[in-house]
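Here is what each chain is made of, one letter per residue.
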Amino acid sequence: MKLYKLNKKELVDYCKSLGIETKGKTKNTLMEDAETYGNQQIVQAKKDGTDYELLYSKIEELSNRYSETLNGKIEDRKEEMLEDDNSHYLIYRVLGISNERGQLIDVYQNTGRFLYKYAGSFLEEATVLCFKFNNLKGKRTLVDNTVGSKPKTFEIDFLDGNNAIEIKWRDATTDGDHITKEHTRVECITSYGYKPIRVMFYYPQRKQAIKIQKILATYYKGVKGEYYGGDEAWNFVKKYTGYDLLEILTSIADKKTSSNGSK
């Protein structure tokens, strides 16, 4: 869980669910206490040989929390859409799309935006858990931009020693500015003496986006970094951490959905 993204009340509720005393504590103290509690769990599980089971349960809990939030956002948006101005349906009808079909398209478009956002965030967090179980000293890290003025900082999803690991579920960007930003990011990270490692689980579909990923892969190798995409990404996480994230996610998915992919 990204504790830093929780507001004070959410953090208090989370700590209480863990049995942590919260009275009179600052948000920073609560985050430290929650992290310490989680680390102690991992240490004990490794001693007991139950670390895989603990990791599985944490990722499953994470998936349940994301699923609940996602469905809530979708339902809220559907309610909001009932009050939307649908005068643009005229243009849909000019193009041969009925009002009913146009409404479905709008609903799915809005649903898709939420789904892509939460899918990416969930997979990033699940992956970080694998790295965390492998090395409790590793953590999310912000570094100042030493190359340019924008952005002011770059986020390293998981800094493990000198390995600066960036996690992407999918990167479908096609514009040239994206390459420039990534070059700046990598240049900044290497200026700190870190080794940039990019892990992207799913390749984009469009040719231009695929081309950009190939350019980035070449660039990473040129600065003695590492780039893993698709199957290589899953294999890298398994080899690096000792935990098979793909196997865990497949098992959770199979429990939640039927063979035809519907709930």
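Every value quoted in this text rests on a predicted model; they were computed, and no experiment measured them. (Residues numbered from 1 in each chain as written. Predicted model: local features only at pLDDT ≥ 70, side-chain atom pairs only at ≥ 80, totals over all residues. Heavy atoms only, no water.)

### Observations concerning the overall build of the protein chain
For clarity, the threshold we go by: Numbering goes from the N terminus for both helices and strands, where a helix is a DSSP run of H or I of at least four residues and a strand is a run of E of at least two. Throughout this description, buried means an accessible area under 20% of the type-specific maximum (1.4 Å probe, protein chains only), exposed means over 50%, and partly exposed covers the range between. Every residue pair with non-hydrogen atoms within 4.5 Å of one another is taken to be in contact.
What the protein chain contains, in helices and strands, is nine helices and five strands. Expressed along its principal axes, the backbone C-alpha trace of the protein chain runs to roughly 65 × 50 × 40 Å. The buried share among the 263 residues of the protein chain stands at 40%. Sequence-distant contacts in the protein chain: of pairs separated by 6 or more residues, those separated by 24 or more amount to 68%.

### Some thoughts on the environment of Gly225
With respect to the element layout, Gly225 can be found in the loop between helix H7 (207-222) and strand S5 (226-229). The exposure class assigned to Gly225 is buried, which follows from its relative accessible area of 12%. Sequence separation of Gly225 and Glu80 is 145 residues, and the distance between their C-alpha atoms is 46 Å. If sequence neighbours within four positions are ignored, Gly225 has contacts with Lys195, Pro196 and Tyr220.

### Things to note about the pairing of S5
To be explicit about the condition: One bridge is not enough; two strands pair if DSSP finds at least two bridges between them. For crossovers, right-handed means that the path from the first strand over the helix to the second runs clockwise, given strands pointing away from the viewer.
As judged from the four bridges shared by strand S4 (residues 195-202) and S5, these two strands associate in the parallel manner. Counted as the bridge partner of Met200 is Gly229 from S5. Each parallel crossover has a hand, and for S4 linked through H7 to S5 it is right-handed.

### Thoughts on the packing of aromatic side chains
Keep this limit in mind: Under the pairing criterion, centres of Phe, Tyr and Trp rings, with the six-membered ring standing for Trp, must be within 6.5 Å; the plane angle then separates stacked pairs below 30 degrees from edge-to-face pairs above 60, leaving the rest tilted.
Under the definition given, this model contains 14 aromatic pairs. Measuring from centroid to centroid gives 5.2 Å for Phe236 and Tyr240, while their planes differ by 45°, and the two rings are tilted. Highlighted residues: Phe236 and Tyr240, both in helix H8 (residues 231-241), separated by four residues, approximately one helical turn. The class of Phe236 is buried, set by a relative accessible area of 9%. One aromatic cluster is present, built from ring pairs that chain together Phe131, Phe158, Tyr228, Phe236 and Tyr240.

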